[in-house]
Amino acid sequence: NVIIILMESMSSAKMNHFGNSNNLTPFLDSIYQEGYAFNQVYSAGIHTFSGLYATLMGYPTLRKNHPFKGTSIQKYSGIATTLKKYDYQTIYFTTHDEQFDNVGGFLSSNDYERIVAQKDYPSDKVASTLGVPDDFMFEFSIPILNELHEKNKPFISVFMTASDHTPYVIPEYFQPKSTKKKHQIVEYADWSLEKFISLCSKETWFDKTLFVFLADHGVPMNVKYDLPLNYHHIPLVFYAPKFISPKEFSDLGTQMDVFPTIMGILKLPYINNT
């Protein structure tokens, strides 16, 4: 199985691994020591749709061009379309309205068989315009992933987190250590990832699943130039403790490299149309 987690606004500059001394991402930092960790990877843009498009379809986004919107939706040979040929089940999870930026329509037209979004969650769990908290989305997904596993076919599941985006909503049951809210929300986002992996580790499909952690884009931090590098410099780590040994890479990479790298790890032949 393949699980791709696109983390909202998770600039590499938020991580201890990349020099942040605030200890905001202890879990993500630990994962960076346990998989294929990439130190020089950059996003295709500064918006969520750019990160989704580049990561899942393998194409760069062009300035002022919105690939998800238009009079007709283009069909691509993205990772879901490619893996469906190998009998993979395909699913996408988001915390909020699936029609934001027409993400749901675009992905449904590109072989994502099911979109789980705000319409599927209990209304009392919706905390803001960004829907449910990250950890609730992850917890909600476990029974659904179990159902896919029970069909005796592999699955690819994509998650798009949102909590690390204004308006920040920190659940009452999470106790951050930081005093600044912009730091607290990063702590919560990292804690949610840890909770998800903890839940997954209890399932029979965990040992046969490749997890991919990366950001949709970064954020301006320590700004010195008109276009801060932290807006694009993002983490990328491939995690599968049963069949990936820890290794760091300093090769230059982008979100467009994620799809072909996954195919290489899976050792499945494919036509690279990206």
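Because the structure is predicted, anything quoted here is derived from the model rather than measured.

Cut-offs used in this document
- Each chain carries its own residue numbering, running from 1 in the direction its sequence is written.
- Residues qualify for local features only when their pLDDT is at least 70, as the model is predicted, and side-chain atom pairs are given and counted only at 80 or more; totals for whole chains, interfaces and linings, by contrast, use all residues.
- Think of the side-chain values as coming from all heavy atoms in the structure, minus any hydrogens and water.
- Any pair of Phe, Tyr and Trp rings, taking the six-membered ring for Trp, is counted once the centres come within 6.5 Å. Such a pair is stacked with planes under 30 degrees apart, edge-to-face with planes over 60 apart, and tilted for the rest.
- For helices the rule is a DSSP run of H or I covering at least 4 residues; for strands it is a run of E covering at least 2, with both sets numbered from the N terminus onward.
- Accessibility here uses a 1.4 Å probe with only protein chains present; expressed as a share of the type maximum, an area under 20% marks a residue as buried, one over 50% as exposed, and anything in between as partly exposed.
- Residue contacts follow a heavy-atom distance rule, with two residues in contact if any of their heavy atoms lie within 4.5 Å.
- The pairing criterion for strands is at least two bridges between them, as found by DSSP.
- An axis is simply a line fitted to the C-alpha atoms; with a helix, the fit covers only the stretch in contact. Between two such axes, the angle follows the N-to-C directions and lies from 0 to 180 degrees.
- The pocket and cavity definitions rest on a 1 Å grid over protein atoms only: a 1.4 Å probe that fits but cannot leave marks a cavity, an open set with protein on both sides within 12 Å along at least five of seven lines marks a pocket, and residues lining either have an atom within 4 Å of a point.
- Grid points are joined across faces, edges and corners, and a volume is the space filled by probe spheres set on the points.
- All amino acids are sorted into three groups, where Ala, Val, Leu, Ile, Met, Phe, Trp, Tyr, Cys and Pro are nonpolar, Asp, Glu, Lys and Arg are charged, and the leftover types, Gly among them, are polar.
- Each angle receives one of four descriptions, namely roughly parallel if under 35 degrees, roughly antiparallel if over 145, roughly perpendicular if within 65 to 115, and oblique otherwise.
- Two helices that cross are described as forming a left-handed crossing if the nearer one is turned anticlockwise from the farther one by less than a right angle, and a right-handed crossing if clockwise.

Novice: Which parts of the structure should I look at to understand the packing of aromatic side chains?
Specialist: A ring pair, where both rings are aromatic, is described by two values, the distance of the centres and the angle of the planes. Counted by the stated rule, this structure contains 29 aromatic pairs. Geometrically, the ring pair formed by Phe38 and Phe249 is stacked, given 4.6 Å between the ring centres and 10 degrees between the ring planes. With Phe38 in strand E2 (residues 36–42) and Phe249 in strand E8 (residues 247–254), this pair connects stretches of sequence that are 211 residues apart. Judged by its relative accessible area of 14%, Phe38 is buried.

Novice: What exactly am I supposed to notice about helix H2 (residues 48–57) here?
Specialist: Think of an α-helix as turning once every 3.6 residues; residues three or four places apart then point the same way. Of all 10 residues in H2, 10 are buried; the element is thus mostly enclosed. Burial in H2 covers these residues: Thr48, Phe49, Ser50, Gly51, Leu52, Tyr53, Ala54, Thr55, Leu56 and Met57. Phi turns positive, to about 80 degrees, at Gly58, one or two residues after H2.

Novice: Hey, could you run me through the environment of Leu83 in this one?
Specialist: Mapped onto the fold, Leu83 is located in helix H3 (residues 79–84). When neighbours within four sequence positions are excluded, Leu83 is seen to be in contact with Val2, Tyr88, Ile156, Met263, Leu266 and Leu268.

Novice: Honestly, the sheet that holds strand E6 (residues 210–215) in this entry has me stumped. Any pointers?
Specialist: Strand pairing in a sheet relies on backbone hydrogen bonds, with the paired strands running either antiparallel or parallel. Taken in spatial order, the eight strands make up an open sheet running E4-E3-E5-E1-E6-E7-E2-E8, and their pairing is mixed. The sheet terminates laterally at strand E4 (114–116) and E8, the two strands that pair on one side only. Going from strand to strand, the sheet's axes swing by 15 degrees on average, the running direction of each strand aside. With five bridges joining them, E2 and strand E7 (residues 233–239) adopt antiparallel strand pairing. Within E7, the position partnered with Phe38 by the bridge is Leu236. Its contacts with the sheet place helix H6 (residues 181–200) against strand E1 (2–7), strand E5 (155–160), E6 and E7, and it is angled at close to 170 degrees to E6. Running at roughly 165 degrees to E6, helix H7 (residues 258–266) makes contact with E1, E2, E6, E7 and E8 of the sheet.

Novice: Explanation requested: empty space enclosed by the protein in the structure shown.
Specialist: Empty space left among the atoms is revealed by rolling a probe the size of a water molecule over them. One pass over the structure, following the stated rule, counts three cavities of 30 Å³ or more. Taken as a whole, the largest cavity holds about 90 Å³ of empty space. Along its surface, the largest cavity is lined by Ala127, Ser128, Leu130, Gly131, Val132, Pro133, Ala162, Ser163, His165, Pro167 and Val169. Here the residues of the lining of the largest cavity sort into seven nonpolar, four polar and no charged.

Novice: Any chance you could explain the packing of helix H5 (residues 134–149) against H6 here in plain terms?
Specialist: The geometry of a pair of packed helices is captured by two quantities: the angle between their axes and the separation between those axes. Running from N to C, H5 and H6 cross one another at 15 degrees; their axes reach a closest spacing of 8 Å. As the angle between them shows, H5 and H6 are arranged roughly parallel. Between H5 and H6 the crossing geometry is right-handed. From H5, Asp134, Asp135, Phe138, Glu139, Ser141, Ile142 and Leu145 reach across to H6, where they touch Tyr188, Ala189, Trp191, Ser192, Leu193, Lys195, Phe196, Leu199 and Cys200. Taken together, the residues of the contact of H5 with H6 break down into 10 nonpolar, two polar and four charged.

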